[in-house]
Amino acid sequence: PGWNDSWIVCQKKDPGFTYNAKENQMLLGYLKNRLDRICYYSKTVPKSISVLMVGKEPIPNVFYNKKSRGTLKRLPVLPSDHFGLVAELQL
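Residues numbered from 1 in each chain as written. Predicted model: local features only at pLDDT ≥ 70, side-chain atom pairs only at ≥ 80, totals over all residues. Heavy atoms only, no water.

Enquirer: Would you explain the overall build of the protein in this entry?
Expert: Counting its regular elements, the protein contains one helix and eight strands. When the elements of the protein are put in sequence order from the N terminus, they spell out β-α-β-β-β-β-β-β-β. Here the C-alpha atoms of the protein give a radius of gyration of 17 Å, more than 25% beyond the 12 Å that 2.2 N^0.38 yields for 91 residues. Along the three orthogonal principal directions, the C-alpha set of the protein runs to about 55 × 25 × 20 Å. Taken across its 91 residues, the protein has 29% of its residues classed as buried. Partitioning the intrachain contacts of the protein with sequence separation of at least 6 by distance along the chain shows that 65% fall at a separation of at least 24. With the model as given, the accessible surface of the protein reaches about 6500 Å², and the carbon-plus-sulfur share is 53%. Side chains of the protein give 14 positive and 7 negative charges; the mean places of these two sets differ by 6 Å. (Helix = DSSP H or I, 4+ residues; strand = E, 2+ residues; numbered from the N terminus. Rg over C-alpha atoms; globule rule 2.2 N^0.38 Å. Buried < 20%, exposed > 50% of the residue type's maximum accessible area, 1.4 Å probe, protein only. Contact = heavy atoms within 4.5 Å. Areas by Shrake-Rupley, 256 points an atom, 1.4 Å probe, with all protein chains shown as cover. Lys, Arg positive; Asp, Glu negative; His and termini not counted. Charge placed at Lys NZ, Arg CZ, Asp CG, Glu CD.)

Next comes the structure, spelled out in structure tokens:
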């Protein structure tokens, strides 16, 4: 009951990094954090809940050039620099 974070409720073992420079091929670097959340308020415990991370695959045949440490790199383009979240609740 009260405010709940859908990722914590469903994916207890996965940290849920929606910004992840290691996994997002469009990014360079090492930063990762769980910046995006879907929270809900419920007076009762939900009967069923699911949450998925989406937008983790590059858009086919779309690339961009990024200069990094003096070198131009060709990187794939994903829907965003953050992975998206989709939650389904049954209250």
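Enquirer: When you look at unusual backbone geometry in this model, what are you seeing that I'm missing?
Expert: In most cases, non-glycine residues show a negative phi, while peptide bonds are predominantly trans. At asparagine 61, a position not held by glycine, the phi torsion is positive, near 60°. With relative accessibility at 74%, the residue asparagine 61 sits in the exposed group. Backbone geometry places arginine 69, a non-glycine residue, at a positive phi of 55°. Looking at where arginine 69 falls in the secondary structure, it is placed in the loop between strand 6 (63-68) and strand 7 (71-76). In this structure arginine 69 comes out as exposed when scored by relative accessible area, which is 86%.

Enquirer: What should I look at first to understand the packing of aromatic side chains in this one?
Expert: Two numbers describe a pair of aromatic rings. These are the distance of the centres and the angle of the planes. On inspection of all chains with the given rule, the structure shows one aromatic pair. Centroid distance tryptophan 3 to tyrosine 41: 5.4 Å. Interplanar angle 65°. Geometry classified as edge-to-face. Separated by 38 residues along the polypeptide, tryptophan 3 in strand 1 (residues 2-5) and tyrosine 41 in strand 4 (residues 39-42) bring together distant segments of the chain. The exposure class of tryptophan 3 is exposed, given its relative accessible area of 65%. Since its relative accessible area comes to 46%, tyrosine 41 is described here as partly exposed. The ring of phenylalanine 83 carries the charged tip of lysine 56 above its face, separated from the ring centre by 5.3 Å. (Phe/Tyr/Trp six-rings, centres within 6.5 Å; stacked < 30°, edge-to-face > 60°. Lys NZ or Arg CZ within 6 Å of the ring centre and 35° of its normal.)

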